[in-house]
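# A closer look at the structure
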Amino acid sequence: VVDSDDLPLNVNRETLQESKIIKIIKKKLVRKAIELIRNLSKKELPEDESEEAEVDADGNVIVKEEKPKKVHPYITWYKKFGLSLKMGCIDDPANKDK
């Protein structure tokens, strides 16, 4: 949801297609979205806590069940929205490289 004091109250298709304000808002929203995606992709995973191996009375190492591998949040996001991202690259060639 975008709130702007500059938008006209009377909104129709023609107004949306011709309005400079709408174009500026669209440009800024695209930049913000790209920045947020870039920051998400650079976010580091927290390191796993290293656990010490347990040894029983005979000196044998007790094997614990492996924890599920952590997935980076960007990978999870990309699986959900990757197709839309690719379609956006087709529709918006100006930001394709970003």
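See the structure above.
Computed from a prediction, not measured in an experiment: that's the story for all the values here. (Residues numbered from 1 in each chain as written. Predicted model: local features only at pLDDT ≥ 70, side-chain atom pairs only at ≥ 80, totals over all residues. Heavy atoms only, no water.)

This part covers the side chain of H72. Relative to the helices and strands, H72 resides in the loop between β2 (61-62) and α3 (73-91). A distance of 2.4 Å separates a polar atom in the side chain of H72 from the backbone oxygen of K43. If sequence neighbours within four positions are ignored, H72 has contacts with L40, S41, K43 and L45. (Helix = DSSP H or I, 4+ residues; strand = E, 2+ residues; numbered from the N terminus. Polar contact = N/O pair within 3.5 Å; in protein donor to acceptor, adjacent residues only side chain to side chain. Contact = heavy atoms within 4.5 Å.)

Before going further, it helps to spend a moment on a positive patch on the surface. Residues K27, K28, R31, R38, K42 and K98 make up a contiguous surface patch of positive charge. Mapped onto the elements, K98 comes out in the segment after α3. (Patch = residues over 30% accessible without salt bridge, like charges linked within 9 Å, V, L, I, M, F, W, Y side chains within 5 Å. Areas by Shrake-Rupley, 256 points an atom, 1.4 Å probe, with all protein chains shown as cover. Salt bridge = Lys/Arg side-chain N within 4 Å of Asp/Glu carboxyl O. Lys, Arg positive; Asp, Glu negative; His and termini not counted. Charge placed at Lys NZ, Arg CZ, Asp CG, Glu CD.)

Of the volumes computed, that of the largest pocket is approximately 450 Å³. Lining of the largest pocket is provided by 16 residues; of these, I34, I37, L85, C89 and N95 occupy positions nearest its centre. Every element with two or more residues in the lining of the largest pocket is listed here: α2 (20-42) and α3. Ranked by the residues each element gives to the lining of the largest pocket, the list is headed by α2, at seven residues. When its residues are assigned to classes, the lining of the largest pocket shows seven nonpolar, four polar and five charged. (1 Å grid on protein atoms, 1.4 Å probe; cavity = no way out; pocket = protein on both sides within 12 Å on 5 of 7 lines; lining within 4 Å. Points joined across faces, edges and corners; volume = space filled by probe spheres on them. Nonpolar A, V, L, I, M, F, W, Y, C, P; charged D, E, K, R; others polar.)

Contact geometry for α2 and α3: axes closest at 9 Å, N-to-C directions at 145 degrees. Judged by the twist between their axes, the crossing of α2 over α3 is left-handed. Touching I37, L40 and S41 of α2 are P73, Y74, W77 and L85, all from α3. Split by residue class, the contact of α2 with α3 holds six nonpolar, one polar and no charged. (Axes fitted to C-alpha atoms, helices over the stretch in contact; angles between N-to-C directions. Left-handed = near helix turned anticlockwise from the far one by under 90°.)

Topologically, V30 is positioned in helix α2. Sequence-distant contacts of V30, that is, excluding residues within four places in its chain, are made with D92 and N95.

It is worth spelling out α2 at this point. Over its 23 residues, α2 runs 33 Å from end to end, which matches the ideal 33 Å to within 8%, given 1.5 Å per residue. The N-cap of α2, judged by a side-chain oxygen 3.3 Å from the amide nitrogen of I21 a few residues on, is S19. (Expected span 1.5 Å × (residues − 1).)

By themselves these figures say nothing about function.
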